[in-house]
Amino acid sequence: MKKEIKTKKEAWLHAVRLRTLPLALASIFAGSFLAAWKGDFRWEILLLASLTTIFLQILSNLSNDYGDTVHGADSADRQGPVRAVQSGLISLPEMKRAMYLFGLFSLVSGLLLLYLAVQDWKLFALFLALGLVAIWAAISYTSGKNPYGYAGLGDISVFVFFGLLGVLGTFYLHTLSFDPLAVVIAISLGCFSTAVLNINNIRDIESDQKAGKRSIPVRIGRKAAVQYNWALLVTGYICLIGFAILSDHVFSLLASLTWPLMMKVALGVQNAKTSAETDPFLKKMAISTLLWVILFGIGILI
């Protein structure tokens, strides 16, 4: 049952969607743990990278609220939490102004991060370009004339930004170096983060179908989407085992303690009969992913 939003303050809190922030920080923590493992950890990089990521995630959440209302995915048929604009307490112009504000926050925070992390102007320009792409991706997922989330490209975006770029970019800003082993963990985390989005899309499959949002579950059907979910989790853990073997660091397998939790989530999604039954597993998968990162970090630092 959807929780009714009664005040504008509650509407803004729903729009920001605080529960999505821990998952957004997972890649920053993973890259920072890997940097600490290599002996090149910097607190200022962790703090500013985390702040920039929080601003980007909030920007993405606001943009999703705006875009899904405009394109019809946030209708009365939607089974997920009520959105802020949909509630009528926040207007579209107000939401658009908030998007501009958090886009500016992301840019300023990102520029300060790059100023402290890199001295070479070519590297600065490269990371600035990646940052601008991240801002564009956050806005264009469901907003604009041709939102890529409605074309079923959200999974690729999450895998890249919450996995590859999030982990490898953070690692590089700490160390100013590249390590192939970091790629393995970036792939692993990318799979888990994509699984979170996939569960979200499985929950919304019916309302997305009506709105013309061609997410992966809409394209391949619920049964295949559940199998895809299992494949993402198994791939993530295969990568973890690969990291342990290649790095000769058995304690990194401490992260495998989360496997029963993720199995329980996957089985829950598989057995759920309705969108309402699927919804709780979205939060559980996000928490399990963050816990995976924390246990992995503890393991490699032992």
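These numbers come from a predicted model, not from an experiment.

### Regarding the packing of helix α8 (residues 180–203) against helix α13 (residues 275–301)
Angle between the axes and distance between the axes: these two values describe a pair of packed helices.
And step 1. Look at α8 against α13: their axes get within 8 Å of each other, and the N-to-C directions meet at 165°. Comparing the axis directions of α8 and α13 gives the class roughly antiparallel. The hand of the α8/α13 crossing is left-handed. Facing Ile185, Ser188, Leu189, Phe192, Ala195, Val196, Ile199, Asn200, Ile202 and Arg203 of α8, the residues of α13 in contact are Ser275, Thr278, Asp279, Phe281, Leu282, Met285, Ala286, Thr289, Trp292, Val293 and Phe296.
And step 2. Within the contact of α8 with α13, the residues separate by chemical class into 14 nonpolar, 5 polar and 2 charged.

### Some details on the packing of aromatic side chains
And step 1. The final tally for this structure, using the stated rule, is 13 aromatic pairs.
And step 2. When the ring of phenylalanine 102 is compared with that of phenylalanine 105, the centres are 5.4 Å apart and the planes differ by 85°; the resulting orientation is edge-to-face. Highlighted residues: phenylalanine 102 and phenylalanine 105, both in helix α5 (residues 92–117), separated by 3 residues, approximately one helical turn.
And step 3. Assessed through its relative accessible area of 17%, phenylalanine 102 is described here as buried.
And step 4. Summarising the aromatic geometry, the rings of phenylalanine 192 and tyrosine 237 are spaced 5.3 Å apart at their centres and angled 55° between planes, so their arrangement reads as tilted. With phenylalanine 192 in helix α8 and tyrosine 237 in helix α11 (residues 222–247), the pair connects residues that are 45 residues apart, well separated along the chain.
And step 5. Pairwise contacts between aromatic rings join Trp37, Phe192, Tyr237, Phe243, Trp259, Trp292 and Phe296 into one cluster.
And step 6. Across from the ring centre of tryptophan 37, 4.6 Å away, lies the NZ or CZ of lysine 38, which sits over that ring.
And step 7. The ring of tyrosine 150 has lysine 213 sitting right over it, with the charged end atom 5.4 Å from the ring centre.

### Details of the pattern of salt bridges
And step 1. Enumeration according to the criterion identifies 5 salt bridges in this entry.
And step 2. One continuous salt-bridge network, built from bridges that share partners, spans Arg203, Asp204 and Asp279.

### Focus: the packing of helix α6 (residues 121–140) against helix α7 (residues 154–175)
And step 1. It is at 12 Å that the axes of α6 and α7 come closest, and there the two elements cross at 150°. In terms of their interaxial angle, α6 and α7 are classed as roughly antiparallel. The crossing of α6 and α7 is left-handed. Note on element contacts: α7 touches α6 through Ser157, Phe161, Leu165, Gly169, Tyr172 and Leu173, opposite Leu123, Phe127, Leu130, Val133, Ala134 and Ala137.

### Quick look at the side chain of histidine 249
And step 1. Mapped onto the elements of the fold, histidine 249 is located in the loop between α11 and α12 (259–271).
And step 2. The contact partners of histidine 249, leaving out residues within four places of it in the chain, are Trp37, Ala244, Gly299, Ile300 and Ile302.

### Some points on α8
And step 1. Under the 1.5 Å per step criterion, the end-to-end length of α8 is 35 Å for 24 residues, consistent within 8% with the ideal 34 Å.
And step 2. Buried residues dominate α8, accounting for 21 of its 24 residues.

### Quick word on empty space enclosed by the protein
And step 1. For the structure on display, the rule yields 1 cavity of 30 Å³ or more.
And step 2. In this structure, the largest cavity encloses a volume near 30 Å³.
And step 3. Taken together, Tyr141, Gly149, Gly152, Gly154, Asp155, Asn201, Lys213, Ser215 and Ile216 make up the full set of residues lining the largest cavity.
And step 4. Residues belonging to the lining of the largest cavity are distributed by class as follows: 2 nonpolar, 5 polar and 2 charged.

Calculation criteria
Residues numbered from 1 in each chain as written. Predicted model: local features only at pLDDT ≥ 70, side-chain atom pairs only at ≥ 80, totals over all residues. Heavy atoms only, no water. Axes fitted to C-alpha atoms, helices over the stretch in contact; angles between N-to-C directions. Helix = DSSP H or I, 4+ residues; strand = E, 2+ residues; numbered from the N terminus. Parallel < 35°, antiparallel > 145°, perpendicular 65-115°, else oblique. Left-handed = near helix turned anticlockwise from the far one by under 90°. Contact = heavy atoms within 4.5 Å. Nonpolar A, V, L, I, M, F, W, Y, C, P; charged D, E, K, R; others polar. Phe/Tyr/Trp six-rings, centres within 6.5 Å; stacked < 30°, edge-to-face > 60°. Buried < 20%, exposed > 50% of the residue type's maximum accessible area, 1.4 Å probe, protein only. Lys NZ or Arg CZ within 6 Å of the ring centre and 35° of its normal. Salt bridge = Lys/Arg side-chain N within 4 Å of Asp/Glu carboxyl O. Expected span 1.5 Å × (residues − 1). 1 Å grid on protein atoms, 1.4 Å probe; cavity = no way out; pocket = protein on both sides within 12 Å on 5 of 7 lines; lining within 4 Å. Points joined across faces, edges and corners; volume = space filled by probe spheres on them.

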